[in-house]
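# Chain and residue survey
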Amino acid sequence: MLENATHRLRAIEPEDVDNLLRWENDSESWWLGASITPYSKATLLKFATGDHDLYRDRQMRFMLDYKNTQGDWSTVGAIDVYDFDVRNQRAGIGVIVDAKARRNGHASVGLNLIANYTKVHLGLHLIFAEVPAKHEASINLFQKLGYQECELRKQWVKGVDGWEDVILMQLFNQGNLE
């Protein structure tokens, strides 16, 4: 369920710290998340080796790996499940793909894997993504995967150049997900 022929989602490991350092410390992307300061290697190592529980923490990070034609796995990104709400059976989804691996379909596959996981294993009714309104590639990605635009949140996050609108997009976990 967390793996197909070319991709897999897996738990975070200490060897992921170098990728996390690069992604989490990219100040151009900070406005998309909760952090506005860099992380140290020690902090991320502690996170990578920590005890993670989706039900306790209400969030979980999965590493997204890709298997090349020689059968070797490499990490190309991460998928976050956040704002996990057991009572209302929903959670937010975030995705990051390494800059060198973008535009190769990794995000689509990873998002499909996590949609299946949230439906089959977590029993969620819906998953949602908060997508920057000016980020057309992300909007197109989520639309292609069946997410529906349901709300425009005006000036929702403070970006590098000022306040940014965000589109709330939802995917209802009904029927078969591939």
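Below: a short report on this structure.

How each quantity is defined
- Every chain is numbered independently, its residues counted from 1 as its sequence is written.
- Only residues with pLDDT of at least 70 are given local features in this predicted model, and only at 80 or more are side-chain atom pairs given and counted; all residues enter the totals for whole chains, interfaces and linings.
- The side-chain values count all of the structure's non-hydrogen atoms but skip hydrogen atoms and water molecules.
- Secondary structure elements follow DSSP: runs of H or I of four or more residues count as helices, runs of E of two or more count as strands, with numbering from the N terminus.
- Only protein chains enter the area calculation, which uses a 1.4 Å probe; residues under 20% of their type maximum are buried, those over 50% are exposed, and those in between are partly exposed.
- Between two residues, a contact is recorded if the distance between any of their heavy atoms is within 4.5 Å.
- The method behind every accessible area is Shrake-Rupley, applied with a 1.4 Å probe, and residues are considered shielded solely by the protein chains displayed.
- We call a set of buried Ala, Val, Leu, Ile, Met, Phe, Trp, Tyr and Cys residues a nonpolar core when their side-chain atoms join them within 4.5 Å.
- It is the directions from the helix axis to the C-beta atoms whose arc is reported.
- Nitrogen and oxygen atoms within 3.5 Å of one another constitute a polar contact, given that in protein one can donate a hydrogen and the other can accept it, and given that sequence-neighbouring residues count only through two side-chain atoms.
- Think of it this way: a Phe, Tyr or Trp ring, Trp meaning its six-membered ring, pairs with another when their centres are within 6.5 Å, and the plane angle makes it stacked under 30 degrees, edge-to-face over 60, tilted otherwise.
- Criterion for a charge above a ring: Lys NZ or Arg CZ within 6 Å of the ring centre, and within 35 degrees of the ring normal.

### Thoughts on the overall build of the chain
- On a plain count of helices and strands, the chain comes out with five helices and seven strands.
- Start at the N end of the chain and walk to the C end: the helices and strands fall as β-α-α-α-β-β-β-α-β-α-β-β.
- Each of the 178 residues in the chain was classed as buried or not, and the buried ones make up 40%.
- For the chain, restricting intrachain contacts to residue pairs at least 6 apart in sequence, the fraction spanning at least 24 positions comes to 58%.
- With the model as given, the accessible surface of the chain reaches about 10,400 Å², and the carbon-plus-sulfur share is 48%.

### Here's the deal with the nonpolar core
- Within the largest apolar cluster, 31 residues are counted, with the highest numbers of intra-cluster contacts made by Ile93, Leu111, Ile114, Phe142 and Tyr147.
- For this core, the secondary-structure elements that each account for two or more residues are β2 (60-67), β3 (73-85), β4 (90-97), α4 (106-120), β5 (126-132), α5 (136-144) and β7 (162-172).
- With six residues, α4 is the largest single contributor of residues to this core.
- Here Phe142 is in contact with Val95, Leu111, Ala129, Val131, Tyr147 and Met169, once residues within four sequence places are set aside.

### Quick look at α5
- Within α5, the full set of buried residues consists of Ser138, Ile139, Leu141 and Phe142. Down the axis of α5, the buried side of the element spans an arc of 160°, and every buried residue falls inside it. In this structure, α5 carries Glu136 and Lys144 as exposed residues pointing more than 90 degrees from its buried face.
- The elements touched by buried residues of α5 are β4, α4, β5, β6 (148-159) and β7.

### What about the side chain of Asp16?
- Along the polypeptide, Asp16 turns up in the loop between β1 (7-11) and α1 (17-24).
- Of note is the side chain of Asp16, whose polar atom sits 2.7 Å from the side chain of Arg10.
- Excluding residues within four positions of it along the chain, Asp16 makes contact with Arg10, Ala11, Met63 and Thr75.

### A short note on the packing of aromatic side chains
- Evaluated as defined, the whole model comprises four aromatic pairs.
- Ring centres 4.8 Å apart and planes at 80° place the aromatic pair Phe142 and Tyr147 in the edge-to-face group.
- One cation-aromatic arrangement involves Arg8 over Trp73; the distance from NZ or CZ to the ring centre is 4.1 Å.
- The side chain of Arg153 reaches across the aromatic face of Trp156, ending 4.7 Å from its centre.

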